[in-house]
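Structure assessment
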Amino acid sequence: MMWTELPPGLILLLGGVLAAVLPHHGRKALMLVLPFVGFWQLIDVPNGDHAVVTLFGAELVGSRIDSLSLVWGYIFYIAALIAGIFHLHVRDRMQDVAALTYMGSAVGAIFAGDLISLFIYWELTAVTSVFLIFANRTNASFRAGIRYLIVQIASGVLLLGGLIIHWRGTGSVEFGNLGLDAPGGLLIFLGFGIKAAFPLLHNWLQDSYPQATVTGTVFLSSFTTKMAIYTLARGFPGQEELIWIGAAMTAFPIFYAVIENDLRKVLAYSLNNQLGYMVVGVGIGTELALNGAAAHAFTHILYKGLLFMSMGAVLYRVGTIKGSELGGLYKSMPWTAGFCIVGAASISAFPLFSGFISKSLIITAAAEEGYWFVWLILLFASAGVFHHSGIKIPYFAFFAWPHQAQKTCREAPLNMLLAMGIAAVFCVGIGVFPSYLYAILPYQTDFVPYTGSHVVTQLQLLLFSALAFAWLMRTGLYPPELKSTVLDFDWVYRRALHRVWRATVEWGSETSGALTGGMRGWVNNVIGVAGRLGRPGGLVSQTSKPGTGVLWLTAMLGLYLLVFGL
Amino acid sequence: MSASPEFREPERYALDRPAVVRRIYHVLIVVCVLLGLADVADLIWHIYHKHGIYDVEYLPNFYGFYGLLGCIFLVLSAKQLRKVVMRDEDYYDDDVD
C-alpha cells in the first residue's frame, strides 16, 4: 500500500519542494498541516521494515518503524509544528523551503534502515539547514554558514567513507548495532560525533546557531544534533568510550556558558551540555540508560526549543540578544518571561518539569552501573546547567538592572506566544504526568521519578546552586556580562591555521626570491602544467574515480525518490 | 526587527525595590536551611527514606553542599578562564578570505 510504503521523511521533503512554488499562505498551511499528516502516518503504519528495495546489490530500507525510531519521529513532528507556528509571521520563501526540507531530511534519517539512505538524508540536512543561517543575509551569517557547511559536509564524508568500508567488509549496508570494531565503524562514529558535537568537534554549533535567523535557530536547535544522538543510540549503544565523551560534553561547555555574552550562544553551549547527558546514556547502554537518552532527547527538544524561542522573541523585539545590553524586560514581555522561566525550570530538572523525569533516568543509570566519577560530573553539570540556563538566561534578559536606560518594547507577536505556550504546556505536562512519555520509550520501564528522596535531594542541589548565584551576585564576585568575543576551539581553524598558512606562503615566496631563476623556472613549469591539466577539458578537470561514486549515489537517490515518491 | 526600542522612564515594580530583592534572598536562605535540615530529620525519624547508591549520598545535605561549592567553583574558574580566552567584541570582524 502507498501509505505504508512511503518513507516518512518524504512527507515534509516533498512539501518543501512544493513550497518553492506556492504563495505565502500556501507555504504556511503546509508547515502547519504536514506535521499532523506525518504524525498520523507514524501512528497508522505498523512497526517493521517498509519501502524495501534492492539497488546495486544493496538492500535499502526507506522506512524502519520500531520503538527506538518512533520516539524521535513523534518528537520531530511535534517540534516541526511548534517551530512552524513560531515562524508563522515570517515572509521568506527561502526559509520556508529550507525549514521544510531540513525537517523532512531529519525525519528521513531517523527512519532510514540502511546506511546509504542515512547518508543521503544526512547530507540533505546539511545543505538545507544552512539556508536558515544564510537567511540572516549578513556578512557574518554568510561566513558562519560556510564554516557550518564545511563541517557538516565533512561529517557526511566520514560517514560515506565508513559506509563504503563497511559495505565492502561485511557485504551489508544495514544500519543496526555497528560498534567501533565493525569495518568502517570508527569513521562512521566520527561522522556521527561531529553532528553530536563531541568535544573539539563541537564548535560549529556555537559558531553557527547564534548567526541564524530568529526562527531559524529554533528549527536548527531541534533536529541535527538529536538526529546524531539517535544514530549513536542505533549504531553504538553500550560503547563505553561514549560515557567519557559524554561526561566531558556535560562539563566543559558550562564554563563557557557562564562567561558568554550572546544569550543565544549561551543556549548553544547548554545544548552541547545536554547532548552530553544523552551521549552518556547511550554509552552506558542498559535499558534504563537508553530509555534515559531517548526520554531526554524528547524533553530536551521541547525545553531547548522553548528557550531558543523566548530568546528569539527578545531578539525580534529588542534587536539584540547581548546580555550586557538587556535586562528588565519582564515588564514589557511578561508572557515571554514566564515561558522562558518554564523552559529554564525544565532544563534545570526542577521537580514537576520535564527535565526532571528524563535526566534522572540517565544519572540513576550511571550510578547503578558503578560509574561514580561520571555520576559526580553529571551532578556538577546539573548544578551548572541550573546556574547558566536556569538562572543566567532569564535573569540577564528579563530581570537584571541594565546599565543604560531600561528598554521597553512590545510583547512578542501572538504566533510566537502561542508556540511558546504549547511548548510550555508540554514541559509541565510531561513533568507532572511522566507515565505518558515513559510508555513510548524503547524499553518497558517501571522507573518512579517522584520519590521523597529524589525530590528532596534534587531541590537541595538546585536551591543551593541558586544560593551560590545570589551570593556571588550580591558580593559582586559574579563576573559581569561584558561585550566580548570568547575564543573557543574554532579559533584553531579561524585564526591559528590561517596564520600558519600565511606564514608558510610568505616564507615560500621569500625563499623562492632568494634562489636563482632555475628554481623559479621549475616552479613556473609546475604551475604551467597544472594550469593545462586543470583547464576545461584538461585531464584533472574530467570526472575522476571518487566523483563517480558520488554520482552513483546521487543517481540512486533520484531512483529512490522516483520509486517511492511516485 | 519589527519595533525599534524606545527609551523612557520605566514604571516602578516591586522587584525594583532593593528591600524586596533582599527579602527574596533571605527567603531563599531560609528554604535552603530547611532543606538541609530535612536530611538531618530524615536521619533521625526517617521521614522520606532517603535512598542512595553511594555512601556519600547519606551525608546530610550532600547534594546541597555539592551544588553550592560546585557553582562557586564553576563561576570563579570561568572568571579566570576569561583572562585567557576573552577578546574584543570585534575580534573576528576582520575575517578575510
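Parameters and conventions
- Every chain is numbered on its own, with residues counted from 1 as its sequence reads.
- Whichever chain is written first becomes A and whichever ligand is written first becomes 1, with later ones labelled in order.
- Confidence filtering applies because this is a predicted model: local features only for residues at pLDDT of at least 70, side-chain atom pairs given and counted only at 80 or more, and all residues used for totals across whole chains, interfaces and linings.
- Helix numbers and strand numbers start at the N terminus; a helix is a DSSP run of H or I with at least 4 residues, a strand a run of E with at least 2.
- Using C-alpha atoms as the atom set, the radius of gyration is obtained and then compared with a globule rule of 2.2 Å times the number of residues to the power 0.38.
- Comment: burial labels come from other C-beta atoms within 10 Å of the residue's own C-beta, placed from the backbone, where a count of 20 or more is buried, 12 or fewer is exposed, and between is partly exposed.
- For the purpose of contact definition, each residue receives a C-beta atom placed from its backbone, and two residues are in contact when these atoms lie within 7 Å.
- Throughout, the ten residues Ala, Val, Leu, Ile, Met, Phe, Trp, Tyr, Cys and Pro are labelled nonpolar, Asp, Glu, Lys and Arg are labelled charged, and all others, Gly among them, are labelled polar.
- At least two bridges found by DSSP between two strands are what make those strands a pair.
- Residue ranges for the domains originate in an automatic or database domain assignment.
- The span expected for a helix works out to 1.5 Å for each residue beyond the first.
- Joined through C-beta atoms within 7 Å, a set of buried Ala, Val, Leu, Ile, Met, Phe, Trp, Tyr and Cys residues constitutes a nonpolar core.
- Interaxial angle, 0 to 180 degrees, is taken between N-to-C directions of lines fitted to C-alpha atoms, where a helix line uses only the stretch in contact.
- When an angle is under 35 degrees it counts as roughly parallel; over 145 it counts as roughly antiparallel; between 65 and 115 it counts as roughly perpendicular; any other value is oblique.
- Two helices crossing with the near one rotated counterclockwise from the far one by less than a right angle form a left-handed crossing, whereas a clockwise rotation gives a right-handed crossing.

1. Side note on the overall build of chain A
For chain A, the count of helices and strands is 22 helices and four strands. In summary, chain A has a C-alpha radius of gyration of 24 Å against a globular reference of 24 Å for 566 residues, a match within 12%. When the backbone C-alpha atoms are referred to their principal axes, chain A occupies close to 75 × 65 × 55 Å. By the burial criterion, 56% of the 566 residues in chain A qualify as buried. Contacts in chain A between residues at least 24 apart in sequence constitute 81% of all its contacts with a sequence separation of at least 6.

2. Some words on the interface of chain A and chain B
Interfaces are often sized by the amount of accessible area the parts lose when they come together. Every contact between the two is made by 52 residues of chain A and, on the other side, 50 residues of chain B. Elements represented by at least two residues in the side of chain A that touches chain B include exactly helix 11 (241–259), helix 13 (287–318), helix 15 (354–368), helix 16 (372–399), strand 3 (407–408), helix 19 (452–474) and strand 4 (485–486) of chain A. Here the side of chain A that touches chain B takes 18 residues from helix 19 of chain A, the largest share from any one element. Class assignment of the residues belonging to the side of chain A that touches chain B gives a composition of 30 nonpolar, 13 polar and nine charged. Of the strand pairs in this sheet, strand 4 of chain A and strand 2 (residues 86–87) of chain B are connected by two bridges, and their pairing is antiparallel. Counterpart to Val486(A) in the pairing with strand 2 of chain B is Met86(B).

3. Thoughts on the domain arrangement of chain A
Residues and elements named next belong to chain A. Segmenting chain A into domains produces domain 1 (1–197) and domain 2 (237–486). Taken over C-alpha atoms, the centre of domain 1 sits 26 Å from the centre of domain 2. Taken together, the 19 residues of domain 1 in the interface contact 21 residues of domain 2. Class assignment of the residues belonging to the side of domain 1 that touches domain 2 gives a composition of 15 nonpolar, four polar and no charged.

4. Structural notes on helix 12 (residues 263–284) of chain A
Residues and elements named next belong to chain A. Compared with an ideal rise of 1.5 Å per residue, which puts 22 residues at 32 Å, helix 12 spans 32 Å between its outermost C-alpha atoms and is within 8% of the ideal. Among the 22 residues that make up helix 12, 22 are buried, leaving the element largely enclosed by the rest of the structure. Following helix 12 by one or two positions, Gly-285 has its phi on the positive side, about 80°.

5. Notes on the environment of Ala257(A)
All names here are of chain A. Inspection of the secondary structure assignment puts Ala-257 in helix 11. By C-beta crowding, Ala-257 is classed as buried, having 28 other C-beta atoms within 10 Å. Sequence separation between Ala-257 and Val-385 is 128 residues; the distance between their C-alpha atoms is 9.0 Å. Apart from the residues within four sequence positions on either side, Ala-257 is in contact with Val-266, Tyr-269, Ser-270 and His-388.

6. Examining the nonpolar core
Residue and element names in this part refer to chain A. Ranked by size, the top nonpolar core spans 203 residues in total, and within it Phe-76, Met-103, Ile-229, Leu-306 and Leu-378 carry the most contacts. If you tally residues by element for this core, the top one is helix 13, at 21 residues. Mapped onto the domain boundaries, this core takes at least three residues apiece from domain 1 (1–197) and domain 2 (237–486). Sequence-distant contacts of Phe-76, that is, excluding residues within four places in its chain, are made with Met-103, Ala-106, Val-107, Ile-110 and Phe-223.

7. Some words on the pairing of strand 1 (residues 48–55) of chain A
Residues and elements named next belong to chain A. Relative to strand 2 (residues 58–65), strand 1 is paired through seven bridges, and the arrangement is antiparallel. Residue pairing for strand 2: Asp-49 is matched across the bridge by Arg-64. The antiparallel pairing of strand 1 with strand 2 creates a hairpin that spans two residues between the two strands, and Phe-56 there sits at a positive phi of about 50°.

8. Description of the packing of helix 8 (residues 185–195) of chain A against helix 10 (residues 216–235) of chain A
All names here are of chain A. Close contact between helix 8 and helix 10 brings their axes to 8 Å; oriented N to C, the two are set at 150°. Considering their axes alone, helix 8 and helix 10 lie roughly antiparallel with respect to each other. Both helix 8 and helix 10 take part in a crossing whose hand is left-handed. Contacts between helix 8 and helix 10 involve Ile-188, Phe-192 and Lys-195 from the first element and Thr-224, Thr-225, Met-227, Ala-228, Thr-231, Leu-232 and Gly-235 from the second. Classifying every residue of the contact of helix 8 with helix 10 gives five nonpolar, four polar and one charged.

9. Details of unusual backbone geometry
One non-glycine residue, Ala349(A), lies in positive phi territory at about 65°. Along the chain, Ala349(A) falls in the loop between helix 14 (334–347) and helix 15. Given 28 C-beta atoms within 10 Å, Ala349(A) falls into the buried group. Positive phi outside glycine occurs at His46(B), with the angle close to 55°.

10. Side note on the packing of helix 16 of chain A against helix 19 of chain A
Residues and elements named next belong to chain A. Taken N-terminus to C-terminus, the directions of helix 16 and helix 19 make an angle of 55°; their axes are 9 Å apart at the nearest point. In terms of orientation, helix 16 lies oblique with respect to helix 19. Once helix 16 is placed against helix 19, the crossing between them reads as right-handed. Where helix 16 approaches helix 19, its residues Leu-379, Ser-382, Ala-383, Phe-386, His-387 and Ile-391 are matched on the opposing element by Leu-461, Leu-462, Ser-465, Ala-466 and Phe-469. A class-by-class count of the residues in the contact of helix 16 with helix 19 yields eight nonpolar, three polar and no charged.

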